[in-house]
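# Observations on the model geometry
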Amino acid sequence: MNILLLGSGGREHALAWKMAQSDLLTGLYIAPGNAGTSQVGTNVDINPNDFNAVKNFVIEKNIEMMVVGPEEPLVRGIKDYFLNDPFVAHIPVIGPGKDGAMLEGSKEFAKEFMQRHNIPTARYFSVTADNIGEGYSFLETLNAPYVLKADGLAAGKGVLILNDINEAKSELKAMLDGKFGAAGNTVVIEEFLSGIELSVFVLTDGHASIILPEAKDYKRIGEHDTGLNTGGMGAVSPVPFADSGFMKKVKERIVIPTVEGLKEDKIPYKGFIFIGLMNVNGDPYVIEYNVRMGDPESEVVIPRIKADLVDLFKAVAAGNLKVKSLEVDHRTATTVMLVSGGYPGSYEKGKKITGFDKVEDCILFHAGTKQAGADIVTNGGRVIAVTAFGSDKNDALRISYRNAALIDFEKKYYRSDIGFDL
Ligand code: AMP
Ligand code: GLY
């Protein structure tokens, strides 16, 4: 089977690395990919949001399945674009259509979905410029801190958490006035949930679903979760507090009602659902849905999956996922993200990366890298995720960190406390 994977980050390298191990695979293409994906497949210089170029490539190379890594092409409707074109309508796309992708593309849609299907989540109120007064009144019913979320996609920057009510009110106004562009035309005000976060991943064909290994990621740039939010600085899987009792609640209260809710709402959904949740005193509450795998969570979740991922994707496409089960590696996987100095603010690219010949017992998943002649150079804020297995979290982290020190580039930075709270 010829497969095209869209995307270029660590998540896509992990997906490509795993699919490349499948006997079912003939050709693997990654658009646009990075220096890591080119080691397991063929990179093609196509922007995933250029649907026409993607379609032409699919026809030209006889692609038989397309896997969509990032959310943007899904939210923009790449699946619908394929379904509406007679030349490619028959090509299975792993990822939801525009309607299902609204779970990530609109916070208000996601909250209404959860309310309609009795899925536990924080109390909320949705505001536009027309009812800002009601928004102020709702804020007054809450205790600090206050959570404000731009409705639309805002590259992970659209959530503000504020301690002061007056600041919350003025930020609400600023968001509605365009602080985050059109993404903030609607703002969801939420009750603050206090607890520890967990990332849960589901693969579904729209009927049956498989819960993949869970993970915890570390979003802040600084040690002990301080400083600015990033795409993610590291991850651990499994997560000790996500024991069988907790995961049973997640399955019964969240995963099943989500998949059933999509069915009830007549939203066909074939792909990943990433549930970001908060463990509040032992009970799970949904913080957000994403319609893709997480990054850097993929860099620990995917290596723990023993099943053939292409075989699972084929079952998703055919609608017979219910006959599949998941075998999981019970060891702990950890990943430490090496980033460019300055990230998540401004940073330089094009720095030569060295040490590839020195690392041992780890898997390097490239995020922002590219080939430049004989060298591999940095090409983004997040550069390489260093994944390792161990008998427990500390054992795995020791190996991730030993190797993280061996890969080098100018102004390399990484957090040295991944997993500190587990
Ligand atoms: P989101 O983009 O919805 O994942 O929000 C970004 C981050 O803000 C989450 O990962 C949480 O750490 C935090 N957050 C979002 N909503 C809430 C909430 N209702 N209570 C507490 N923290 C939240
Ligand atoms: N690591 C969080 C995300 O992928 O959105």
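Use the structure listed above.
A short tour of the structure in this document, coming up. All figures in this text were calculated on a predicted structure; none of them were measured in a lab. (Residues numbered from 1 in each chain as written. Chains lettered and ligands numbered in written order. Predicted model: local features only at pLDDT ≥ 70, side-chain atom pairs only at ≥ 80, totals over all residues. Heavy atoms only, no water.)

## Considerations on the sheet that holds strand E1 (residues 2–7)
The sheet built from five strands is open, its strands ordered E3-E2-E1-E4-E5 with parallel pairing. Unpaired on one side and paired on the other, strand E3 (42–43) and strand E5 (93–94) mark the two borders of the sheet. On top of the sheet, helix H1 (residues 10–19) reaches E1, strand E2 (27–32) and strand E4 (65–68); it is set at about 165 degrees to E1, its chief contact. Along the sheet face, helix H2 (residues 51–60) touches E1, E2 and E4 and points at about 160 degrees away from the line of E1. (Pairing = 2+ DSSP bridges. Helix = DSSP H or I, 4+ residues; strand = E, 2+ residues; numbered from the N terminus. Contact = heavy atoms within 4.5 Å. Axes fitted to C-alpha atoms, helices over the stretch in contact; angles between N-to-C directions.)

## Observations regarding the site of ligand 1
The local shell around ligand 1 holds 15 residues, among which Glu190, Glu191, Leu193, Glu197 and Glu288 are the closest. Between glutamate 190 and ligand 1, the recorded distance is 2.7 Å, taken from a side-chain N or O atom to a nitrogen atom. The protein chains hide 89% of the 470 Å² of surface that ligand 1 would expose on its own. Counting residues per element, the ones that place at least two in the shell around ligand 1 are strand E7 (146–150), strand E8 (159–162) and strand E17 (283–290). Class assignment of the residues belonging to the shell around ligand 1 gives a composition of eight nonpolar, no polar and seven charged. (Near = heavy atom within 4 Å. Polar contact = N/O pair within 3.5 Å; in protein donor to acceptor, adjacent residues only side chain to side chain. Areas by Shrake-Rupley, 256 points an atom, 1.4 Å probe, with all protein chains shown as cover. Nonpolar A, V, L, I, M, F, W, Y, C, P; charged D, E, K, R; others polar.)

## Here we look at unusual backbone geometry
In this structure, the amide linkage connecting alanine 144 to the following residue, proline 145, adopts the cis form with an omega of -5 degrees. By the secondary structure assignment, proline 145 is in the loop between helix H7 (132–141) and E7. Between serine 237 and proline 238 the backbone carries a cis peptide bond, its omega angle lying at 0 degrees. If you trace the backbone, proline 238 turns up in the loop between strand E15 (234–237) and helix H9 (244–264). Positive phi outside glycine occurs at asparagine 118, with the angle close to 55 degrees. Residues other than glycine seldom take positive phi values, yet histidine 224 does so here, at roughly 55 degrees.

## With respect to the site of ligand 2
The local shell around ligand 2 consists of Asp217, Gly231, Phe274, Arg292, Gly294, Asp295, Pro296 and Glu297. The separation between an oxygen atom of ligand 2 and a polar main-chain atom of aspartate 295 is 3.0 Å. One of the side-chain N or O atoms of glutamate 297 is found 2.7 Å from a nitrogen atom in ligand 2. Considering ligand 2 on its own, with 200 Å² of exposed area, one finds that the protein chains cover 88% of that surface. Tallied by class, residues from the shell around ligand 2 come to two nonpolar, two polar and four charged.

## Quick notes on H7
In an α-helix, one turn spans 3.6 residues; hence positions three or four apart end up facing the same way. By the burial criterion, the buried members of H7 are Ile132, Gly135, Phe138 and Leu139. Along the axis of H7, the buried residues cluster in a sector spanning 105 degrees; they form a single face. On its buried face, H7 is in contact with strand E6 (124–127), E7, helix H8 (165–176) and strand E9 (187–190). (Buried < 20%, exposed > 50% of the residue type's maximum accessible area, 1.4 Å probe, protein only. Arc of directions from axis to C-beta.)

## Re the pattern of salt bridges
One pass over the full model with this rule turns up 32 salt bridges. The shortest N-O distance in the salt bridge between glutamate 71 and arginine 292 comes to 2.9 Å. Residue glutamate 71 is located in helix H3 (residues 71–75), and its partner arginine 292 is located in the loop between E17 and helix H10 (298–304); the two are separated by 221 residues in the primary sequence. Through salt bridges with shared partners, one network takes in Glu348, Lys351, Glu410 and Lys411. (Salt bridge = Lys/Arg side-chain N within 4 Å of Asp/Glu carboxyl O.)

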